[in-house]
Amino acid sequence: MAAATDAFPCAEAPASVHGTNAPAVCSAAARAQRLMGRCGVPPVDRPIRIDVVDAMESDCLGRYHCGEDRIELLAPDAMHDAVTPDGIFAPMTPSTLFESVVVHEFVHAAMEGHPCPFDACPATQEYAAYTLQILSMPAGDRERITKRVEDMFDAPIEDMELNPFVAMMAPDRFALKAWAHLLAREEGCAFVGAAVSGRATLDAPAL
Ligand SMILES: [Zn+2]
């Protein structure tokens, strides 16, 4: 637990940071808010606590704790050490990786309580989190991921391929498929807003 560290309030995002790298967290959270606004995803509208920690219980890089308005993130170097060596995030620098994961988790925070036509919409959640994370990256990192999906998939990605099982078991693969799927949408990132609002849906009722 991050114990008695003082909170660092973000000026441009509804967040306060406990732990190291607070200015980087704040600028990434503000970037997430702007991106969500641009793509038609309602941004975070309540204060979120963000803890930057040296170790996490799960093997995640970051995590949004549902119902607690709290995000936990590994510190940049620990996070960089934790990525899969041949994974899509491995070529990023620790600081750009870290900021992109802030965006991913901030999107999860924004989506809590959003309308979902089923019991839960985990595929839509991860779709929004990964595509906005990739959109937030510096152009060079984004282009590298785009090149990778162009080399990898020679057929369009169907909605059904973007399912919660892939998101859980093969998150890198889900992220690449989500990015390929978004690149093929004529409306661009407005599709993310449509998915989040339930106008387009990737999830299905529980069996
Ligand atoms: Zn996620």
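Structure's up top.
Residues numbered from 1 in each chain as written. Predicted model: local features only at pLDDT ≥ 70, side-chain atom pairs only at ≥ 80, totals over all residues.

A closer look at the overall build of the chain
Logical step 1: Helices and strands together make up the secondary structure of the chain, namely eight helices and five strands.
Logical step 2: Ordered by position from N to C terminus, the α and β elements of the chain give β-β-α-β-β-β-α-α-α-α-α-α-α.
Logical step 3: Taking 207 residues into account, the globule formula puts the C-alpha radius of gyration at 17 Å, and the chain, at 16 Å, falls close to it.
Logical step 4: Structurally, the chain occupies a C-alpha span of about 50 × 35 × 30 Å along its principal axes.
Logical step 5: Out of the 207 residues belonging to the chain, those deemed buried represent 40%. (Helix = DSSP H or I, 4+ residues; strand = E, 2+ residues; numbered from the N terminus. Rg over C-alpha atoms; globule rule 2.2 N^0.38 Å. Buried ≥ 20, exposed ≤ 12 C-beta atoms within 10 Å, placed from the backbone.)

Describing the sheet that holds strand E3 (residues 48–53)
Logical step 1: Pairing within the open sheet is mixed, and its five strands lie in the order E1-E2-E3-E5-E4. Of all the strands in the sheet, the pair left with one neighbour each is strand E1 (8–9) and strand E4 (62–65).
Logical step 2: Here strand E2 (residues 15–18) runs beside E3; their pairing, made up of four bridges, is parallel. Residue pairing across strands places Ser16 opposite Arg49, the latter belonging to E3.
Logical step 3: Contacts between helix H1 (residues 22–39) and the sheet are confined to E1, E2 and E3, with E2 contributing the most and set at about 155 degrees to the helix.
Logical step 4: The strands touched by helix H3 (residues 94–111) within the sheet are E3, E4 and strand E5 (70–74), with E4 carrying the most contacts at an inclination of about 15 degrees. (Pairing = 2+ DSSP bridges. Contact = placed C-beta atoms within 7 Å. Axes fitted to C-alpha atoms, helices over the stretch in contact; angles between N-to-C directions.)

Here we look at the environment of Ala178
Logical step 1: Mapped onto the elements, Ala178 comes out in helix H7 (residues 171–183).
Logical step 2: Judged by local crowding, Ala178 falls into the buried class, with 27 C-beta atoms found within 10 Å.
Logical step 3: A sequence separation of 48 residues divides Ala178 from Tyr130, and the C-alpha atoms of the two residues are 7.2 Å apart.
Logical step 4: Filtering out sequence-adjacent residues up to four positions away, Ala178 remains in contact with Tyr127, Tyr130, Thr131 and Leu162.

So, unusual backbone geometry
Logical step 1: A positive phi angle is found at Asn21, which is not glycine, with a value near 60 degrees.
Logical step 2: Its location among the elements puts Asn21 in the loop between E2 and H1.
Logical step 3: The backbone of Asp69 sits at a positive phi, close to 50 degrees, despite the residue not being glycine.
Logical step 4: With respect to the helices and strands, Asp69 occurs in the loop between E4 and E5.

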